[in-house]
Amino acid sequence: MKNIILGVTGSISAYKAADLANTLTKEGNVVHVIMTKAGMEFITPMTFQTLTKTKVHTYNMFENYVPSEVEHISLAQKADIFVAAPASADFIAKAAAGIADDMLTTVLLAFQNKPVLIAPAMNTAMYENPITQRNISTLKQFGFNFVEPREAMLACGTVGKGALAENDVILDAIRKLLA
């Protein structure tokens, strides 16, 4: 049994993260879902809570604050891997810059010496933008692992690279990093 942080950010692919969380839970893992505000626009925390049987953490770090526990630190310490799937351009930019302005980015900064896996999902123009590519390169220099997005028909109706990798590809990457 592994403790897995699953970050769900603002992307139409957020619905695919529910299946990812479900599979990881059925495999005997404890999945701690952390959702950004934008991620919650695409899918509700209740979906993940029902599938994982664990509390879903939202962007608001001070919601249901318990003084005896520094939640972002305890989540980071007990997790074996940090996965962001889907990972938006916004999340990748914040991570590369070290910005910690919500629960997900704060936990990421507190997460040390364990694998981080990022699965980008965004429009092709956003993914190929030199700034996004620089941010990905920066995170790779810090040892972050990436699952490349695939080429597909995107939500905007164009075909291009930027669709979230298939869940079996993400699951294989998680399993390899935990082995």
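Residues numbered from 1 in each chain as written. Predicted model: local features only at pLDDT ≥ 70, side-chain atom pairs only at ≥ 80, totals over all residues. Heavy atoms only, no water.

Overview of the side chain of N3
Argument step 1. Within the fold, N3 resides in strand β1 (residues 3–8).
Argument step 2. At 3.1 Å, the side chain of N3 and the side chain of H32 are in polar contact.
Argument step 3. Every residue in contact with N3, bar those within four places of it in the chain, is listed here: V30, H32, K78, A79, D80 and I81. (Helix = DSSP H or I, 4+ residues; strand = E, 2+ residues; numbered from the N terminus. Polar contact = N/O pair within 3.5 Å; in protein donor to acceptor, adjacent residues only side chain to side chain. Contact = heavy atoms within 4.5 Å.)

Side note on the nonpolar core
Argument step 1. Ranked by size, the top nonpolar core spans 28 residues in total, and within it L6, V8, V33, F48, V83, I170 and I174 carry the most contacts.
Argument step 2. If you tally residues by element for this core, the top one is helix α1 (residues 14–26), at six residues.
Argument step 3. In this structure V33 touches L6, V8, F48, T52, K55, V56 and H57, once residues within four positions along its chain are discounted.
Argument step 4. Core analysis: the next-biggest nonpolar cluster, separate from the first, contains 26 residues, A76, F111, F144 and F146 among them. (Core = buried A, V, L, I, M, F, W, Y, C linked by side-chain atoms within 4.5 Å. Buried < 20%, exposed > 50% of the residue type's maximum accessible area, 1.4 Å probe, protein only.)

Considering the packing of aromatic side chains
Argument step 1. This model, assessed by the stated rule, comprises two aromatic pairs.
Argument step 2. Seen in terms of ring centroids, F82 and F91 are 6.5 Å apart; in terms of plane orientation they differ by 10°. Their pairing is stacked. Side by side, F82 and F91 carry an identical accessibility label, which is buried.
Argument step 3. Among the aromatic residues, those joined into a ring-pair cluster are F82, F91 and F111. (Phe/Tyr/Trp six-rings, centres within 6.5 Å; stacked < 30°, edge-to-face > 60°.)

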